Amino acid sequence: MSAAVNATIDYLENLTDDIRFSFGLFNLIIGLVSNLCLITILTNVRVFNKNPSSFYLIVESYSNIGLLIIICTSRLSINILNYDLSRYSIAWCKTRYGLAQFFGLFSLFTICFTTIDQYFSTNHRFYIRQLSTMKYAYVFIVLTLCLSSIHGFLFVIYSEIRPSLFGCSIYDEVLKKYLSYVYYPLISNALPLFITITFSLLSYRNVRRIIRKQIPLIRRQLDQQLTAMVLSRVISLILFGLPYIIETVYQMNVKIKENSVKSKIVLLVGAISDSLLYTNFSINFYLFLTISARFRHQVKHFIRKIACVKPKKFKNNRIYLRTNTVNALILESV
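Conventions we followed
Counting starts from 1 at the beginning of each chain's written sequence and moves along it residue by residue. Owing to the predicted nature of the model, reporting of local features is limited to residues with pLDDT of at least 70; listing and counting of side-chain atom pairs is limited to 80 or more, with chain, interface and lining totals taken over all residues. Excluded from the side-chain calculations are hydrogens and water; all other atoms, namely the structure's heavy atoms, are used. UniProt positions are given in the numbering used here, feature names are shortened, and annotations may be inferred rather than shown by experiment. Every angle, taken between N-to-C directions, lies between 0 and 180 degrees, and every axis is a line fitted to C-alpha atoms, over only the stretch in contact when it is a helix. Secondary structure elements are defined from DSSP: runs of H or I of at least 4 residues count as helices, runs of E of at least 2 residues count as strands, and each element is numbered from the N terminus. For classification purposes, angles smaller than 35 degrees are called roughly parallel, those larger than 145 roughly antiparallel, those between 65 and 115 roughly perpendicular, and all remaining angles oblique. Whether a crossing is left-handed or right-handed is set by the direction in which the near helix is turned from the far one by less than a right angle, anticlockwise for left-handed and clockwise for right-handed. For this classification, the nonpolar set comprises Ala, Val, Leu, Ile, Met, Phe, Trp, Tyr, Cys and Pro, the charged set comprises Asp, Glu, Lys and Arg, and every other residue, Gly included, is treated as polar. Each Phe, Tyr or Trp ring, with Trp reduced to its six-membered ring, pairs with another whose centre is within 6.5 Å; inter-plane angles below 30 degrees give stacked pairs, above 60 give edge-to-face pairs, and intermediate values give tilted ones. Salt bridge criterion: a side-chain nitrogen from Lys or Arg within 4 Å of a carboxyl oxygen from Asp or Glu. Summary of the burial criterion: residues with accessible area below 20% of their type's maximum are buried, those above 50% are exposed, and those between are partly exposed, where the area comes from a 1.4 Å probe applied to protein chains only. Multiplying 1.5 Å by the residue count of a helix minus one yields the expected span of that helix. Nonpolar cores are built from buried Ala, Val, Leu, Ile, Met, Phe, Trp, Tyr and Cys residues. Side-chain atoms within 4.5 Å join them into one set. Here a residue-residue contact requires only that any non-hydrogen atoms of the pair lie within 4.5 Å. Only residues above 30% relative accessible area that lack a salt bridge enter a patch, with like-charged residues linked at up to 9 Å and the nonpolar side chains Val, Leu, Ile, Met, Phe, Trp and Tyr linked at up to 5 Å. Only the protein chains shown count as cover for residues, and all accessible areas are computed by the Shrake-Rupley method using a 1.4 Å probe.

The protein is annotated in an unreviewed UniProt entry as G-protein coupled receptors family 1 profile domain-containing protein of Adineta ricciae. The UniProt entry for the protein carries this comment under Subcellular location (unreviewed entry): "Membrane".

Colleague: Help me understand the packing of helix H1 (residues 3–44) against helix H2 (residues 52–81) in this model?
Modeller: Geometry of a packed helix pair, given as the angle between the helix axes and the separation of the axes. Axis separation between H1 and H2 bottoms out at 8 Å; the angle between their running directions is 155°. Looking at the two axes, H1 sits roughly antiparallel to H2. Read as a crossing pair, H1 and H2 show a hand that is left-handed. Here the residues of the contact of H1 with H2 sort into 17 nonpolar, 10 polar and 4 charged.

Colleague: What is the right way to read the packing of aromatic side chains from this model?
Modeller: Where two aromatic rings form a pair, the distance of their centres and the angle of their planes describe that pair. Per the counting criterion, the structure on display carries 13 aromatic pairs. Aromatic pair phenylalanine 113 and phenylalanine 140: ring centres 4.8 Å apart, planes at 5°, arrangement stacked. Note that phenylalanine 113 is positioned in helix H3 (residues 90–122) and phenylalanine 140 in helix H5 (residues 134–158), a separation of 27 residues in sequence. Ring-pair connections join several aromatic residues into one group, and the members of that group are Phe55, Tyr56, Phe113, Tyr138 and Phe140.

Colleague: It is not clear to me how the pattern of salt bridges should be interpreted in this structure. Could you clarify?
Modeller: With the rule as written, the count across this model stands at 2 salt bridges. Linking glutamate 60 and arginine 233 is a salt bridge whose minimum nitrogen-to-oxygen distance equals 2.7 Å. You can see glutamate 60 sitting in helix H2 and its partner arginine 233 sitting in helix H7 (residues 217–253), a full 173 residues away along the chain. No difference in accessibility class separates glutamate 60 from arginine 233, as the two residues are buried.

Colleague: Explain H2 here, please?
Modeller: An α-helix turns once every 3.6 residues. As a result, residues three or four positions apart point the same way. Between its terminal C-alpha atoms H2 stretches 43 Å, which fits the 44 Å expected from 30 residues at 1.5 Å a residue. The buried count for H2 comes to 22 of 30 residues, which makes it a mostly enclosed element. A positive phi of about 55° marks asparagine 82, the residue just after H2.

Colleague: Mind showing me how you'd approach the nonpolar core here?
Modeller: It is characteristic of soluble globular proteins that their nonpolar side chains tend to be buried jointly. Residues Leu67, Leu179 and Tyr278 are the most contacted members of the largest nonpolar core, which totals 44 residues. Elements represented by at least two residues in this core include exactly H2, H3, H5, strand S2 (167–170), helix H6 (173–211), H7 and helix H8 (261–280). If one sorts the elements of this core by residue count, H3 sits on top with 15 residues. In this structure, tyrosine 278 is in contact with Asn27, Leu67, Leu68, Ile71 and Arg75, ignoring residues within four places of it in sequence. In this structure, Ile41, Leu42, Ile65 and Leu226 belong to the second largest nonpolar core, which totals 17 residues.

Colleague: Looking at this model, I keep getting lost on the packing of H1 against helix H9 (residues 284–291). Mind explaining?
Modeller: Running from amino to carboxyl end, H1 crosses H9 at an angle of 65°, the nearest separation of the two axes being 7 Å. Contacts between H1 and H9 pair Ile30, Val33, Ser34, Asn35, Cys37, Leu38 and Ile41 from the former with Asn284, Phe285, Tyr286 and Phe288 from the latter. For the contact of H1 with H9, a count of residues per class yields 8 nonpolar, 3 polar and no charged.

Colleague: I would appreciate a short explanation of the environment of leucine 99 in the present structure.
Modeller: Summarising the element assignment, leucine 99 is placed in helix H3. The partly exposed category is assigned to leucine 99, whose relative accessible area is 32%. Spatially, the C-alpha atoms of leucine 99 and phenylalanine 153 are 8.6 Å apart, while their sequence positions differ by 54 residues.

Colleague: Explanation requested: the UniProt feature "transmembrane region" (unreviewed entry) in the protein in the structure shown.
Modeller: In this structure's numbering, the residues bearing the UniProt feature "transmembrane region" (unreviewed entry) are residues 21–43, 55–78, 98–116, 136–161, 181–204, 225–246 and 266–289. This span, residues 266–289, is 88% helix and 0% strand, and a straight line between its end C-alpha atoms measures 35 Å.

Colleague: Is there a simple way to explain a nonpolar patch on the surface in this structure?
Modeller: Side chains of Ile80, Leu81, Tyr83, Leu85 and Tyr88 sit close together on the surface and give an oily, nonpolar patch of about 590 Å² of accessible area. With respect to the helices, strands and loops of the structure, leucine 85 is situated in the loop between H2 and H3.

Listed below in structure tokens is the structure:
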């Protein structure tokens with residue numbers, strides 16, 4: 001190779017590392033705050049209690065936290081320590097790859113079940129609304145857990161390390177065909193997009209129909225709010241997830257010369273698409289704040305409630321201490 005080619009390769013590698021570090025730090029901090037805040041609100045605001053759609057969003061937030069910790073911390077350690085453990089330790093390569101695929105697919109399936117449940121809960125037919133229960137939510141989450149575990153276990157088995165090409169990845173030809181023709185285009189792309197878009201639009205239609213029916217105001221407002229939140233979640237999934245699917249399918253099907261400029265460009269594009277994908281799992285709370293005025297009001301009310309409880313407790317403790325002090329003085333004088 002010429003000096004110019006080597007310089008270009010070095011530049012692309014440094015740029016790829018910088019993008020992974022910057023987005024990794026951003027997604028880790030913003031994502032942890034976002035998902036923890038969403039869990040706190042959905043578990044403490046009474047209107048969301050025992051609601052299947054809220055339960056799905058809570059479970060997805062926990063899965064998002066696991067995904068961000070596995071992915072972002074390893075990216076940060078690469079830049080800080082200047083050492084990629086997944087290129088040298090086959091155990092960490094398999095563990096990281098398997099857990100990342102498990103949490104990613106688990107969050108994706110949970111989003112699908114959220115849209116399906118929202119369709120059930122807003123349907124004008126009573127027997128369909130009966131399907132929106134916590135019992136069915138638990139069953140669907142267990143089913144999602146099993147399917148995601150099987151998928152993640154495949155990556156644990158077939159992950160390999162080839163430092164001169166893409167490092168820790170899948171190189172088995174049979175599994176690459178499964179990923180190229182089944183998983184990425186169908187399971188993680190066409191099927192989720194079809195499910196989420198279809199049931200989100202049906203839920204939106206149901207909500208408009210609910211307005212014209214004699215249904216309690218609180219129920220109507222909650223259905224409208226959750227439908228808007230779920231629909232925005234689906235749009236976010238499409239915008240941030242589609243570049244990753246396209247890049248991954250390309251990488252699986254195109255043979256690239258090892259340690260070439262083209263391979264480094266593919267890695268750079270992959271770093272950008274990966275970062276966008278993980279941004280999708282980091283912005284739920286901020287997204288809901290942006291699109292739902294009712295959710296903003298609930299967050300403000302929750303913050304005010306917490307801010308008012310602590311001074312009140314402190315004031316009550318001071319009154320209690322003063323009362324005890326006065327009683328002690330009276331007893332001493334007697």
